[in-house]
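The chain contents come next:
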Amino acid sequence: MDNPEIDGLAKLRIANIVMIITAIFALWQLGYFFAELGLGTTNVRGLIGTTNGIIVGSSAIGQAATLMMARGFGELRSLDPRFKIGRTGSIVAFVSFLISSIFLNPLFMGLSYLLIFIGYILLGIGYYRIGKAYSSDVLKVGAILLILIPVIGLILNVIGLHSIIGRVKRAAEARPPWNQ
């Protein structure tokens with residue numbers, strides 16, 4: 001049984017998990033960067049290389065996650081056209097990650113930060129609308145925190161989406177076969 005509703009929600013849940021992994025990767029790399037800096041075991045070239053590694057590595061993982069979000073919101077858009085804003089936000093975030101992985105200079109990084117902020121606002125609205133449509137306060141709070149404290153927002157999004165997927169699956173199983 002192919003269910004675009006469950007498929008779309010599942011893609012969003014996986015994309016949020018991948019974004020959490022991206023944040024953990026970036027924090028790990030940042031910790032490594034400061035450890036090298038504190039120990040004095042590196043030179044300027046090494047610091048620049050580490051910084052570029054953080055940016056490019058996180059951006060590559062972020063690109064994959066935002067494409068998955070775009071697909072998830074795209075599938076849900078057929079159920080409610082108001083979810084399209086989440087797809088738009090994921091595309092804006094994708095462009096931001098793409099810019100930050102290609103152009104490693106301050107001007108483009110500033111543009112990238114501005115775009116990611118705009119993308120996260122649009123994503124937050126998209127997730128909030130899903131939370132509202134499925135009566136999930138956890139997802140609504142996660143959507144707001146996605147804009148303010150992204151890692152916490154992502155974690156709450158995963159929890160909220162997991163709960164919604166479970167409810168949708170149970171409802172689909174309870175329907176008689178002739179209504180499916």
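Along every chain, residues carry numbers that run from 1 in the direction the sequence is written. Local features in a predicted model are, by the rule used here, given only for residues with pLDDT of at least 70; side-chain atom pairs are given and counted only at 80 or more, and totals for whole chains, interfaces and linings are based on all residues. Processing note: side-chain calculations cover all non-hydrogen atoms of the structure and skip hydrogens and water entirely.

A few points about the overall build of the protein chain
- Within the protein chain, the regular secondary structure consists of 6 helices and 0 strands.
- Helix numbers and strand numbers start at the N terminus; a helix is a DSSP run of H or I with at least 4 residues, a strand a run of E with at least 2. Listed N to C, the secondary structure of the protein chain is α-α-α-α-α-α in terms of helices and strands.
- The buried share among the 180 residues of the protein chain stands at 42%.
- Working rule for contacts: check all heavy atoms of both residues, and any pair within 4.5 Å makes them a contact. Pairs at least 24 residues apart make up 67% of the contacts formed inside the protein chain by residues separated by at least 6 positions.
- When the accessible surface of the protein chain is totalled, it reaches about 9,700 Å², and 70% of it is carbon and sulfur. Using a 1.4 Å probe on the protein chains alone, a residue whose accessible area is under 20% of its type maximum counts as buried, one over 50% counts as exposed, and one in between counts as partly exposed. Using a 1.4 Å probe, accessible areas were evaluated by the Shrake-Rupley method; residue-level cover was limited to the displayed protein chains.

Brief notes about the side chain of Glu-5
- Structurally, Glu-5 is set in helix H1 (residues 4-39).
- Using a relative accessible area of 18% as the deciding quantity, one classes Glu-5 as buried.
- Each residue touching Glu-5, except ones within four places of it in the same chain, is listed here: Leu-76, Leu-79, Tyr-134 and Val-168.

Looking at helix H4 (residues 106-133)
- With 28 residues, H4 extends 40 Å from end C-alpha to end C-alpha; this agrees with the ideal 40 Å at 1.5 Å per step.
- Listed in full, the buried residues belonging to H4 are Met-109, Ser-112, Ile-116, Gly-119, Tyr-120, Leu-122, Leu-123, Gly-124, Gly-126, Tyr-127, Ile-130 and Gly-131.
- Among the residues trailing H4, Ser-135 stands out with phi positive, at a value near 55°. Under the convention used throughout, the expected extent of a helix is 1.5 Å for every residue step, that is, one less than its residue count.

Structural notes on the layout of surface pockets
- Taken as a whole, the largest pocket holds about 610 Å³ of empty space.
- If you go around the largest pocket, you meet 23 residues; those closest to its centre are Thr-22, Ala-26, Ser-58, Phe-97 and Tyr-113.
- Think of it as three bins: nonpolar holds Ala, Val, Leu, Ile, Met, Phe, Trp, Tyr, Cys and Pro, charged holds Asp, Glu, Lys and Arg, and polar takes everything else, Gly as well. Residue composition of the lining of the largest pocket, by class: 17 nonpolar, 6 polar and no charged. Of the two site types, the cavity is a set of points on a 1 Å grid over the protein atoms alone where a 1.4 Å probe fits but cannot get out, and the pocket is an open set with protein on both sides within 12 Å along at least five of seven lines, each lined by residues with an atom within 4 Å of a point. Grid points are joined across faces, edges and corners, and a volume is the space filled by probe spheres set on the points.

Overview of the confidence of the model for the protein chain
- When pLDDT is averaged along the protein chain, the result is 86; 84% of the residues meet or exceed 70.
- Per-element averaging of pLDDT across the protein chain places helix H2 (residues 44-77) at the bottom with 80 and helix H5 (residues 137-148) at the top with 96. pLDDT is defined as a per-residue confidence score from the predictor, taking values between 0 and 100.

Some points on the side chain of Asn-3
- As for its placement among the helices and strands, Asn-3 is situated in the segment before H1.
- Polar contacts involving the side chain of Asn-3 include one to the main-chain amide nitrogen of Glu-5, which spans 2.9 Å. Identification of polar contacts relies on pairs of N or O atoms within 3.5 Å, with a donor-acceptor requirement for protein atoms, meaning one able to donate a hydrogen and the other able to accept it, and with residues adjacent in sequence counted only if both atoms are side-chain atoms.

Considerations on the environment of Gly-131
- With respect to the helices and strands, the residue Gly-131 is situated in helix H4.
- Along the backbone, Gly-131 and Val-141 are 10 residues apart, and their C-alpha atoms lie at a distance of 8.6 Å.
- Once you skip the residues sitting within four places of it in the chain, Gly-131 turns out to touch Ser-136, Leu-139 and Lys-140.

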